[in-house]
Amino acid sequence: MPVTAIVGAQWGDEGKGRMVDWLAQEADMVVRFQGGDNAGHTVVNRLGKFALHLIPSGIFNPATACIVGTGTVVNPETLLEEMAALEAAGVALDNLWLSNRAHVILPYHRQLDGLQEAARSGSRIGTTGRGIGPTYADKAARFGIRLGDLIRPAYLRERLQLHLEQKNRTLALFGAPPLDLEEVTAGCVRYGEILGARIVDTLPRVRAAVERGDNVLLEGQLGVMRDVDWGTYPYVTSSNPIVGAASAGAGIPPTRVDKVIGVVKAYSTAVGAGPFPCELDDANGERLRLVGAEYGATTGRPRRCGWYDAVAVGHAAWLNGFTTLAVTKLDVLDGMRELKICTAYRLASGEVIDWVPDTPDMQDATPIYETWPGWSEPTTGVRAWDDLPKAARAYLHRISELAGVPIETVSVGAEREQLVTVLPGEADAGRTAPRHA
Ligand code: GDP
Ligand code: IMO
Ligand code: MG
């Protein structure tokens, strides 16, 4: 399948980076299409363990062109740190390109992210503090600075003058000191000098790849429940992690996206505030956090953990039109006596729904669960569907059935090769009814 999007079906951290690293072994190009260095995409392969923040997870294959797409927001400072860390680990970056149309995160965007969070006091979003929201806000307000501006000093100075007039007014509201035009311009020009050779018009490259029928992967950041339109607004990020944004963010017509893989964790996790109906504040939640090593790759915060939420994944399946699912972290459930799957929410009004409502209703929603038997056998060593424990196959089948999407891959460990490729129709085997509804 030439053009394949890989997107998050839950609250983020589903294992998108891990899946892209696996698929990129056969990819000619990987495009990160939205988000910024708020992402923490962990990849474990023969070269080591890496937490990628902005660089596409296909970077380990030297034959894969890796593009930081137009829909992303780029902090040159952290990008250079990430590049240096990869190079120090022996990863060549000759295949890394940056879209000249991507927007630039500048130091005061991070400063504003912090100031705005502090001003929200009791209703903080719990952002990653990377300046994502303020940068996308400037992009939409048309005051943004783009990567291509960094390599045109005269034009850059003109843009920054307009930009800083706005910024300094905002900073003054927070009692922060104004920014100096010459200082900011000099910093940007320096980044332009260092990164200039990689800053290109990515569209001709992407278009040529698609027209040649190359294998192109579109890598998403975060998941549907943090989508600025379809997530739990305002507890969301400032871009669209759904596949519709892959088309805009990479520069590929929607009709040329052939396949959409929804990455789903076998349970739920979330970082940051906002409704999360299946959250567990008990020993099971603590166990998932411990066994699943559920700590944010970008912020180090403990992730909120809970049972699998089929309502959220159903929302993702519709909005993204998943062609297949990649289920990750099945091994984390090994040894749990029983498992729960949320199939509906009960609202404060008593109404029972099987779709994601708007945030105030979602805030008060309580999950309705079915219970499934667990399994005691370890799954990390399993490489074939038939070798998975019967109860695990039944659980996976139910996940697939509730999403209405076939499972293509089951990940049973963080390392590249630790997965089961599911053959078409195979996941229908071993179906059983839930123990009690
Ligand atoms: P992403 O943001 O969607 O790329 O996901 P993250 O990398 O932030 O979080 C997923 C975490 O789970 C990372 O630490 C991965 O190394 C790890 N991981 C991915 N797949 C598996 C799996 O199947 N089993 C286990 N035990 N860990 C996994
Ligand atoms: P990956 O790509 C998990 C969360 C933050 C906060 C909200 C908004 O690794 O899945 P932002 O900094 O984007 O303005 O924060 O989104 N968040 C993530 N949660 N994984 C991520 O990325 C995240 N990126 C942002 O915690 O709730
Ligand atoms: Mg992550």
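Residues numbered from 1 in each chain as written. Chains lettered and ligands numbered in written order. Predicted model: local features only at pLDDT ≥ 70, side-chain atom pairs only at ≥ 80, totals over all residues. Heavy atoms only, no water.

> I'd like to hear about the pairing of strand β10 (residues 216-223), residue by residue, with values.
Where burial is concerned, most of β10 is hidden: 8 out of the 8 residues are buried. With 4 bridges connecting them, strand β2 (residues 29-32) and β10 associate as parallel partners. Of the residues in β10, the one forming a bridge with Met29 is Val216. (Buried < 20%, exposed > 50% of the residue type's maximum accessible area, 1.4 Å probe, protein only. Helix = DSSP H or I, 4+ residues; strand = E, 2+ residues; numbered from the N terminus. Pairing = 2+ DSSP bridges.)

> Kindly report on the site of ligand 2, identifying the contributing residues and their values.
Taken together, the neighbourhood of ligand 2 is formed by 20 residues, with Asp13, Asn38, His41, Thr128 and Thr237 sitting nearest. In the model, an oxygen atom of ligand 2 is placed 2.6 Å from a nitrogen or oxygen of the Thr237 side chain. Against a free-state accessible area of 550 Å², the protein chains account for coverage of 97% of ligand 2. Tallied by class, residues from the shell around ligand 2 come to 6 nonpolar, 10 polar and 4 charged. (Near = heavy atom within 4 Å. Polar contact = N/O pair within 3.5 Å; in protein donor to acceptor, adjacent residues only side chain to side chain. Areas by Shrake-Rupley, 256 points an atom, 1.4 Å probe, with all protein chains shown as cover. Nonpolar A, V, L, I, M, F, W, Y, C, P; charged D, E, K, R; others polar.)

> So what's going on with the coordination of the magnesium ion (ligand 3)? Residues and values would help.
Listed as protein donors to the magnesium ion (ligand 3) are Asp13 (OD) and Gly40 (O); their distances from the metal cover 1.9 to 2.2 Å. Taken together, the residues span a long stretch of sequence, with Asp13 in the loop between β1 (3-8) and α1 (16-23) and Gly40 in the loop between β2 and β3 (41-45) at a distance of 27 residues. On the basis of relative accessibility, which here comes to 24%, the residue Asp13 falls in the partly exposed class. (Donors = N, O, S within 2.8 Å, 3.2 Å for Na, K, Ca; no water.)

> Mind laying out the packing of helix α5 (residues 153-173) against helix α6 (residues 181-195), listing which residues take part and the relevant values?
Two elements in contact, α5 and α6, have axes separated by 10 Å at closest approach and are oriented at 135°. When the interaxial angle is binned, α5 and α6 end up oblique. The chirality of how α5 crosses α6 is right-handed. Along its contact with α5, which presents Pro153, Leu156, Arg157, Leu160, Gln161 and Leu164, the element α6 presents Leu181, Glu182, Val184, Thr185, Cys188 and Val189. Tallied by class, residues from the contact of α5 with α6 come to 8 nonpolar, 2 polar and 2 charged. (Axes fitted to C-alpha atoms, helices over the stretch in contact; angles between N-to-C directions. Parallel < 35°, antiparallel > 145°, perpendicular 65-115°, else oblique. Left-handed = near helix turned anticlockwise from the far one by under 90°. Contact = heavy atoms within 4.5 Å.)

> Got a sec to walk through the environment of Arg46? Specific residues and values, please.
Of note, Arg46 is situated in the loop between β3 and β4 (48-52). For Arg46, a relative accessible area of 71% puts it in the exposed group. C-alpha of Arg46 to C-alpha of Arg416: the two residues are 370 residues apart in sequence and 8.2 Å apart in space. Beyond its immediate stretch of four places on either side in the chain, Arg46 contacts Arg416 and Glu417. At 3.0 Å, the side chain of Arg46 forms a polar contact with the side chain of Glu417.

> Any details on the site of ligand 1? Residues and values, ideally.
Around ligand 1, the structure places 17 residues, and the nearest of them are Lys16, Gly40, Thr42, Asp331 and Ser411. Take Gly15: an N or O atom from its main chain is 2.8 Å from an oxygen atom of ligand 1. Isolated, ligand 1 exposes 580 Å² of accessible area, and the fraction of that covered by the protein chains is 91%. Those elements that provide at least two residues to the shell around ligand 1 are α1 and β3. Looking at the shell around ligand 1 element by element, the count peaks at 3 residues for α1.

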